[in-house]
Amino acid sequence: GSFIMPAVTLTDVHASDDDFAYRKKLCSSSAHDISNEEEHSYAVITSPAIPSPLESTSDAIHIDRQIATSSSSFLRSGSKFIGTQQSGRSTYEVHVELKHVDMSASFICGYLHIQGLTEDHPTLTTYFEGQMIGPKYSFLTRRREWGATEKTDILHWARFPSWRPLAKQAKRADYCHSNFEKRDHIFMRWKECFLVPDHRVRNITGASFAGFYYICFNQLTGSISGLYYHQSSEKYQQLELSHVDDRGGYYDYEFR
């Protein structure tokens, strides 16, 4: 969420089958080094595959339930995060709840709650869907309807210190960010899709949910740093979130 409400266009976050196949081929044909990062064996969590409302249930990625869907004890279905979003001199409290995380599909979704954005709406809640940067999605957004050019992408990613060692490679059109789930940092884009509970609401005076977030998730600490982008909003609005400790109270079952 952010200031200034332009017209909202709901778009899905998923790559086309052809684009995914091309990027998968790139990853399998050449191995790229993990620059300045050490590969870690994170605890692997398996959860049932829940199809996105914007994706067909017949998609092959939802058939094989044995694929690990989470590589981190922090980045998993049910995790909650709390922090702030900075916009100019104003700071807003933000809560994020992840509803589904699927590493095999490079997909994440959940709810984002932001408080104090407008007087008429003390708390705004949006449903978002996210792309994990890896074999399926590149660092370049390549979604004209999202309004971000390649220059926009590079300027935003470059503000994350953990991205800078990747800068030279990531700018290449053929770069594949392989083994992303084993790295210390996972990069994502979170696209707000609609307001909750009434998805029919298109306009909120003084607020915007038409943009998206560039996200850097730290697998070691569970912290999230983000930058909100929309052409009509203030630049580089910073999101900082910390994982809410649930004291290990997480269980996931696979029914066969």
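One can find the structure itself at the top, above this paragraph.
These remarks concern the structure in this document. As the structure is a computational prediction, the values presented were derived from the model and not from experiment. Numbering of residues begins from 1 in every chain and follows the order in which that chain's sequence is written. Per-residue local features are limited, in this predicted model, to residues with pLDDT of at least 70; the limit for side-chain atom pairs, both in listing and counting, is 80 or more; totals at the level of whole chains, interfaces and linings are taken over all residues. Computation of side-chain values covers all heavy atoms of the structure but excludes hydrogens and water.

1. Looking at helix H2 (residues 150-157)
Part 1: Three exposure classes are used, based on accessible area relative to the maximum for each residue type with a 1.4 Å probe and protein chains only: buried under 20%, partly exposed in between, and exposed over 50%. To qualify as a helix, a DSSP run of H or I must reach at least 4 residues; to qualify as a strand, a run of E must reach at least 2; elements of each kind are numbered from the N terminus. Every buried residue of H2 is accounted for by Thr152, Asp153, Ile154, His156 and Trp157.
Part 2: Should any heavy atoms of two residues lie within 4.5 Å, those residues are counted as being in contact. Structurally, H2 contributes buried residues whose contacts are with strand E5 (185-196), strand E6 (212-218) and strand E7 (224-229).

2. Here's the deal with the sheet that holds E5
Part 1: When DSSP locates at least two bridges between a pair of strands, those strands are taken to pair. Read once around its circumference, the closed barrel built from eight strands follows the order E1-E2-E3-E4-E5-E6-E7-E8, with strand pairing classed as antiparallel. Between one strand axis and the next, the sheet turns through 30 degrees on average, direction left out of account.
Part 2: Two strands pair when backbone bridges link them, and strand E3 (residues 107-115) and strand E4 (residues 123-132) are joined in this way by nine bridges, in the antiparallel orientation. The residue of E4 that forms the bridge with Ile114 is Leu124.
Part 3: For helices, the fitted axis covers only the stretch in contact; all axes are lines through C-alpha atoms, and the angles between them, taken along N-to-C directions, range from 0 to 180 degrees. The strands touched by H2 are E5, E6 and E7; relative to E6, the strand with the most contacts, the crossing angle is about 35 degrees.

3. A short note on the state of the cysteines
When the sulfur atoms of two cysteines share a covalent bond, that bond is a disulfide.
Part 1: Sulfur atoms of two cysteines make up a disulfide when they are within 2.5 Å. Throughout the structure, instances matching the rule amount to zero disulfides.
Part 2: With no disulfide partner, Cys193 has as its closest neighbouring cysteine sulfur the one in Cys109, 9.0 Å distant.

4. What to know about unusual backbone geometry
Part 1: Residue Ser106 is not a glycine yet carries a positive backbone phi of 55 degrees.
Part 2: Locating Ser106 in the fold gives a position in the loop between strand E2 (90-102) and E3.
Part 3: Taking relative accessible area as the criterion, Ser106 reaches 4% and is therefore assigned buried.
Part 4: In this structure, Asn179 is a non-glycine residue whose phi angle is positive, near 55 degrees.
Part 5: Residue position: Asn179 is located in the loop between helix H3 (167-170) and E5.
Part 6: Assessed through its relative accessible area of 32%, Asn179 is described here as partly exposed.

5. Focus: the packing of aromatic side chains
Describing an aromatic ring pair means giving the distance of the ring centres and the angle of the ring planes.
Part 1: Under the pairing criterion, centres of Phe, Tyr and Trp rings, with the six-membered ring standing for Trp, must be within 6.5 Å; the plane angle then separates stacked pairs below 30 degrees from edge-to-face pairs above 60, leaving the rest tilted. In the structure shown here, the tally under the stated rule is 15 aromatic pairs.
Part 2: Look at Tyr111 and Tyr127: their rings are 6.1 Å apart centre to centre, the planes differ by 65 degrees, and that puts the pair in the edge-to-face class. Taken together, the residues Tyr111 in strand E3 and Tyr127 in strand E4 connect sequence positions 16 residues apart.
Part 3: In this structure Tyr111 comes out as partly exposed when scored by relative accessible area, which is 26%.

6. Some thoughts on the pattern of salt bridges
Part 1: Counted as salt bridges are all cases of a side-chain nitrogen of Lys or Arg within 4 Å of a carboxyl oxygen of Asp or Glu. A complete count under the given rule lists three salt bridges for this structure.
Part 2: Glu97 is the salt-bridge partner of Lys99, the closest N and O atoms lying 3.3 Å from each other.
Part 3: Of the charged contacts in the structure, one is a salt bridge between Arg143 and Glu145, with a shortest N-O distance of 2.8 Å.
Part 4: Relative accessible area serves as the criterion here: at 15%, Arg143 is assigned to the buried category.

7. Thoughts on the nonpolar core
Part 1: Only buried residues count toward a nonpolar core, which is a set of Ala, Val, Leu, Ile, Met, Phe, Trp, Tyr and Cys residues joined through side-chain atoms within 4.5 Å. Counting 29 residues, the largest nonpolar core has Leu75, Val96, Met188 and Trp190 as the members making the most contacts within it.
Part 2: A per-element tally of this core places E2 first, with five residues.
Part 3: Discounting residues that sit within four places of it in the chain, Met188 has contacts with Leu75, Ile108, Gln131, Met132, Ile133, Trp157, Tyr213, Tyr214, Ile215 and Phe217.
Part 4: Listed in part, the 20 residues of the second largest apolar core include Ala148, Ile154, Ala167 and Tyr214.

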